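Reading the structure
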Amino acid sequence: MTQKFAAKRLDNLPPYLFAEIDRKKAELVEQGHDVISLGIGDPDKPTFQHVIDEMIEAVQRSANHQYPSYTGSLQYRQACAQFMGTRFDVEVCPKTEVLALIGSKEGIANLFPAFVDPGAYTLIPGIGYPVYSGGGILNDSNSWWMPMNEENGWLADFESTPADVLEKAQMMILSYPNNPTSAVATPEYFDKAIAFAKKHNLLLVHDNAYCDIAFDGYVPPSILERPDAMDCCIEIFSASKSYNMTGWRAAFAAGNADAIRALGTVKSNVDSGIFTAVQEAAALAFTGPQDQVKEMSDLYERRRNIAMAALDEMGLEYLYPRGTIFIWVKVPSGYTSAEYVEKVLTEAHVIIGPGNAYGPEDGEGYFRVSLACEDDRIVEAFERMKKLS
Ligand SMILES: *Cc1c(COP(=O)(O)O)cnc(C)c1O
């Protein structure tokens, strides 16, 4: 619907598929039903106590109450660089190759004005975080959805991009371990993507939001570990999922210095940085003890196993998750994603994510289960879903 005070480009944004789910949920709750949500990608456990304690001290210091450094304090950027060194053995210069972000969502949205001209193209994964496509719409640029499906192992196929699109492309976005599919990338895939980006003059952006949530001993890499990555890549990291800090808004970009500078230029015209007290607390999250990060992975792994056992019993097919807080499941035959999600909500009072919300074509026919929910509620949710005819 065209509104009086809204730019035409807003009409190009896809409908918010969770709006109808939210409406129905509110209705069910009002009727007294117990609704279980396996729909939200937001860790259910609190932020680690040592990070909260650091924040309590940091918020008392009056110097922290003024405008923060736009790029992130040097102390914050040094902490990010230290994280890259200890976690990945990647060396980045805190002054030129690191930029603070007010959460990675903000960073991703600002990639478009920084790197993509109006009318140009961004290559985005056929299934992914919705801001990858929304960012282009808000910037009057175009998205090319790279095919991403079971056949190609959920590794977005950049090589099939048509020549006329490539000619006008300026950026490519990838993200592994992947939300919503939980797919992980091989080093060979990253190497091919880097070679492709260099050949076609693309900035390659890797969104690594789930680098610290992995199972069965798998350790997700940084794309910056690969040779030549610093020539054409930036990578985005977030405190949100690793440290249960989604509400705090703390993330960073690391990588190619020219790209970091361009993103910083956009941001200095748009925002005024992360609250310095939050920077101090997040710096401790990135550089302090990491044992609770492992505990969280173990917790999600246990929940994954509970959910997989239930899905097996239901005879539903899914991608075996080696990381993230999600399971990507095929809807039973005879349903679209939207139909199955609606049925599960109406009849079992369980919320799951419709696959087409993450990829209008490649995501259709799937649903996403989130593991950010207590074990016994996951058990209960699947018990209810099993009883559906
Ligand atoms: C959650 C998520 C984000 C956003 O994280 P914030 O740092 O909280 O903005 C970005 N990318 C992916 C793939 C996510 O799942």
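Right above here is the structure, for reference.
Residues numbered from 1 in each chain as written. Predicted model: local features only at pLDDT ≥ 70, side-chain atom pairs only at ≥ 80, totals over all residues. Heavy atoms only, no water.

1. Observations concerning the environment of G363
Considering the arrangement of structural elements, one finds G363 in the loop between β11 (353-354) and β12 (366-370). Among the residues examined, G363 registers a relative accessible area of 0% and is labelled buried. Those residues within four positions of G363 in sequence are excluded, and the remaining contacts are I127, W328, S337, G355 and N356. (Helix = DSSP H or I, 4+ residues; strand = E, 2+ residues; numbered from the N terminus. Buried < 20%, exposed > 50% of the residue type's maximum accessible area, 1.4 Å probe, protein only. Contact = heavy atoms within 4.5 Å.)

2. Thoughts on the sheet that holds β11
One open sheet holds the three strands; their spatial order is β9-β12-β11, and the pairing between them is antiparallel. In the strand order of this sheet, the two ends are held by β9 (326-330) and β11, each with one partner. Across two bridges, the pairing between β11 and β12 is antiparallel. Of the residues in β12, the one forming a bridge with G353 is R368. (Pairing = 2+ DSSP bridges.)

3. Observations concerning the pattern of salt bridges
For the structure on display, the rule yields 27 salt bridges. Put simply, K45 and E374 hold a salt bridge, and the shortest N to O gap is 3.1 Å. A residue pair is termed long-range when its members are at least 10 positions apart, and K45 in the loop between β1 (36-37) and α2 (49-60) and E374 in the loop between β12 and α14 (375-386) qualify at 329 residues. Among the salt bridges present, the one from R61 reaches E280, with a minimum N-O distance of 2.6 Å. Separated by 219 residues along the polypeptide, R61 in the loop between α2 and α3 (74-88) and E280 in helix α11 (residues 276-287) bring together distant segments of the chain. Via salt bridges that share partners, D44, K45, R302, R303, E374 and D375 belong to a single interconnected network. (Salt bridge = Lys/Arg side-chain N within 4 Å of Asp/Glu carboxyl O.)

4. Things to note about the site of the ligand
Close to the ligand lie 13 residues, the nearest being D207, Y210, S238, S240 and K241. Contact distances for the ligand include 2.6 Å between a nitrogen atom and a side-chain N or O atom of D207. R249 is positioned with one of its side-chain polar atoms (N or O) 2.7 Å from an oxygen atom of the ligand. Summarising the interface, the protein chains cover 95% of the accessible area of the ligand, which totals 390 Å² for the free molecule. Those elements that provide at least two residues to the shell around the ligand are α4 (104-115) and α9 (239-242). (Near = heavy atom within 4 Å. Polar contact = N/O pair within 3.5 Å; in protein donor to acceptor, adjacent residues only side chain to side chain. Areas by Shrake-Rupley, 256 points an atom, 1.4 Å probe, with all protein chains shown as cover.)

5. Overview of the packing of α4 against helix α10 (residues 257-268)
Their axes nearest at 9 Å, the elements α4 and α10 cross at an angle of 100 degrees. It follows that α4 is roughly perpendicular to α10 by the angle criterion. Residue-level inspection shows E106, G107, N110, L111, P113, A114 and F115 of α4 in contact with α10, the latter providing A259, A262, L263, V266 and K267. Looking at the contact of α4 with α10, its residues break down into eight nonpolar, two polar and two charged. (Axes fitted to C-alpha atoms, helices over the stretch in contact; angles between N-to-C directions. Parallel < 35°, antiparallel > 145°, perpendicular 65-115°, else oblique. Nonpolar A, V, L, I, M, F, W, Y, C, P; charged D, E, K, R; others polar.)

6. Focus: the pairing of strand β5 (residues 169-174)
Consecutive side chains of a regular strand alternate in pointing toward one face of the sheet and then the other. Here β5 lies mainly inside the structure; five of its six residues are buried. Pairing of strand β3 (residues 121-125) with β5 involves three bridges; the strand directions are parallel. Residue L123 lies in a different strand from β5, and its bridge partner there is M172. The sheet contact formed by β5 and strand β6 (residues 203-207) spans four bridges and is parallel. Directly across from M172, in β6, lies its bridge partner L204. In the classification by handedness, the crossover that spans β5, the intervening helix α7 (residues 187-199) and the parallel β6 is right-handed. (Right-handed = clockwise from strand over helix to strand, strands pointing away.)

7. So, α4
Taking 1.5 Å per residue as the helical rise, α4 with its 12 residues ought to reach 16 Å, and the 16 Å between its terminal C-alpha atoms agrees with that figure. Every buried residue of α4 is accounted for by S104, E106, G107, I108, N110, L111, F112, A114 and F115. (Expected span 1.5 Å × (residues − 1).)

8. Section: unusual backbone geometry
Of note, the amide linkage connecting Y176 to P177 takes the cis form, showing an omega dihedral of -5 degrees. Within the secondary structure, P177 is located in the loop between β5 and α7. With an omega dihedral of 15 degrees, the bond running from N179 to P180 counts as a cis peptide bond. When you line up the elements, P180 lands in the loop between β5 and α7. Not every positive phi belongs to a glycine, and D89 is a case in point at roughly 65 degrees. For D89, the position within the fold is in the loop between α3 and β2 (98-101). You can call D89 exposed: its relative accessible area is 71%. We note that D216 has phi near 55 degrees; this positive angle belongs to a residue other than glycine. For D216, the position within the fold is in the loop between β6 and α8 (229-232). D216 sits in the partly exposed class, given a relative accessible area of 44%.

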